[in-house]
Structures are given as C-alpha cells and as structure tokens.
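So you can see what is in the structure, the chains are spelled out below.
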Amino acid sequence: VQLQAYGGGLVQAGGSLRLSCVASGRTFSNYAMGWFRQAPGKEREFVFSISGSGANTYGPDSVKGRFTISRDNAKNTVYLQMNSLKAEDTAVYYCAASAIWRSYRTGVQNYHYWGQGTQVTVSS
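Basis of the calculations
Residues numbered from 1 in each chain as written. Predicted model: local features only at pLDDT ≥ 70, side-chain atom pairs only at ≥ 80, totals over all residues. Heavy atoms only, no water. Disulfide = S-S within 2.5 Å. Helix = DSSP H or I, 4+ residues; strand = E, 2+ residues; numbered from the N terminus. Buried < 20%, exposed > 50% of the residue type's maximum accessible area, 1.4 Å probe, protein only. Pairing = 2+ DSSP bridges. Axes fitted to C-alpha atoms, helices over the stretch in contact; angles between N-to-C directions. Core = buried A, V, L, I, M, F, W, Y, C linked by side-chain atoms within 4.5 Å. Contact = heavy atoms within 4.5 Å. Polar contact = N/O pair within 3.5 Å; in protein donor to acceptor, adjacent residues only side chain to side chain. Phe/Tyr/Trp six-rings, centres within 6.5 Å; stacked < 30°, edge-to-face > 60°. Lys NZ or Arg CZ within 6 Å of the ring centre and 35° of its normal.

Asks: When you look at the state of the cysteines in this model, what are you seeing that I'm missing?
Replies: What makes a disulfide is a covalent bond joining the sulfur atoms belonging to two cysteines. By the definition in use, this model includes 1 disulfide. Sulfur-sulfur distance for the disulfide between Cys21 and Cys95 comes to 2.1 Å. Handedness here is read from the sign of the S-S torsion; for Cys21 and Cys95, about 60°, the answer is right-handed. Remark: Cys95 occurs in strand S9 (residues 91-98) and Cys21 occurs in strand S3 (residues 17-24); sequence separation between them is 74 residues. Residue Cys21 is classed as buried on the basis of its relative accessible area of 0%.

Next comes the structure, spelled out in structure tokens:
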C-alpha cells in the first residue's frame, strides 16, 4: 500500500485543518487506517484510527472531541478533521495502514505501511 498524506499547514490556535491521505496499490477497505504525529524531539504518537469499513474508530482523550477520523473507501482516502487546534498539536502528521483494526492497536509497530508525513504548525 502506498500512502500520500497532505493538507497540513500553518494555522492559528483555535483554528481547523483537514488532513487527507490517499492510498493506492491494494484494496483500501481491507486496511485499517491510523494517524500518528511526531513533534520535534519526541516519539511518534498515535492520534486516531479507523477500521476498514469505517464502522469503528478510536482516539485518545487528548484529541477526542476535537479531532474526527473518517474515510471514503470509494476514493481510497482517509481524513483527519482537526478542530480547536492547540500549539501542542504542532507536529508532522503521518497516515499509516494496518491489516488489522483493534482499538488497542495504537503502537507504531502495529502499522505496516506509512505515508511521508505532512507538517501541521499551530501558532499561539
């Protein structure tokens, strides 16, 4: 699976961005998709995930209520809608694919295919 993430940019605190990740190469609906982020000097951390059908999603409390994940299998695309952005959301955001979805599979080792990342910068 090849993944291409885009949609990052510079936004003021309290603003919104929508990230997109387009997949190619395999049957998209067979893969759970996840978003991760990595801030400078920090480890890559899980943000949100969605099952192949889109019926199940999981995100930690730090982003729940502000971020929403969705997917359009007809377009081979997964989205991350980010609202009420904070300075601490600044990071490079990566999309990733996994053959298995479980809410507890939040580690980078659970995902086998990765996009190149898109920078999100939130100014305070």
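And the narrative resumes.
Asks: Just checking my understanding: could you explain the sheet that holds S3 for this structure?
Replies: Through backbone hydrogen bonds, the strands of a sheet pair up, either in parallel or in antiparallel fashion. Taken together, the 4 strands give an open sheet; going across it, the order is S1-S3-S8-S7, and neighbouring strands pair in antiparallel fashion. In this open sheet, the two strands that pair with only one neighbour each are strand S1 (2-6) and strand S7 (67-72). Each adjacent strand pair in this sheet contributes to an overall mean axis angle of 15°, direction not counted.

Asks: It is not clear to me how the nonpolar core should be interpreted in this structure. Could you clarify?
Replies: Counting 29 residues, the largest nonpolar core has Trp35, Phe67, Leu80, Met82 and Tyr93 as its most contacted members. If we ignore the near neighbours within four places in the chain, the residues touching Met82 are Gly15, Ser16, Leu17, Leu19, Arg66, Phe67, Tyr93 and Val120.

Asks: What is the right way to read the side chain of Asp89 from this model?
Replies: The residue Asp89 is located in the loop between strand S8 (77-82) and S9 in this model. Among the polar contacts made by the side chain of Asp89, one reaches the side chain of Arg37 at a distance of 2.9 Å. Beyond its immediate sequence surroundings of up to four residues, Asp89 is in contact with Arg37, Arg66, Phe67, Ser84, Val120 and Val122.

Asks: I'm lost on the packing of aromatic side chains in this one. Help?
Replies: To describe a pair of aromatic rings, you give the distance between the ring centres and the angle between the ring planes. In this structure the tally under the stated criterion is 6 aromatic pairs. Judged by centre distance (5.6 Å) and plane angle (80°), the ring pair of Phe36 and Phe46 falls under edge-to-face. In this pair, Phe36 sits in strand S4 (residues 32-38) while Phe46 sits in strand S5 (residues 45-50), placing the two residues 10 residues apart along the sequence. Pair check on accessibility: Phe36 and Phe46 agree, each one buried. Ring centres of Phe36 and Trp114 lie 4.9 Å apart, and the angle between their planes is 55°; on these two criteria the pair is classed as tilted. On the criterion of sequence distance, the pair formed by Phe36 in strand S4 and Trp114 in strand S10 (residues 113-114) is long-range, its members being 78 residues apart. Among the residues examined, Phe36 registers a relative accessible area of 0% and is labelled buried. Joined through ring pairs, the aromatic side chains of Phe36, Phe46, Tyr58, Tyr111 and Trp114 make up one cluster. Just above the ring of Tyr94 sits the side chain of Arg44; from NZ or CZ to the centre is 3.7 Å.

Asks: When you look at unusual backbone geometry in this model, what are you seeing that I'm missing?
Replies: Excluding glycine, a negative phi dihedral is what most residues carry, and trans is how most peptide bonds are arranged. Positive phi, close to 55°, is recorded for Asn76, a residue that is not glycine. Looking at the element boundaries, Asn76 is found in the loop between S7 and S8. Within the chain, Ser84 stands out as a residue other than glycine whose phi angle is a positive 50°.

Asks: I keep staring at the environment of Phe67 and nothing clicks. Help me out?
Replies: Structurally, the position occupied by Phe67 is in strand S7. Residue class for Phe67 comes out buried when judged on its relative accessible area of 3%. On a C-alpha basis, the gap between Phe67 and Met82 in space is 4.5 Å, while along the polypeptide they are 15 residues apart. Other than its neighbours up to four places away in sequence, Phe67 contacts Arg37, Val47, Phe48, Leu80, Gln81, Met82, Asn83, Leu85, Asp89 and Tyr93.

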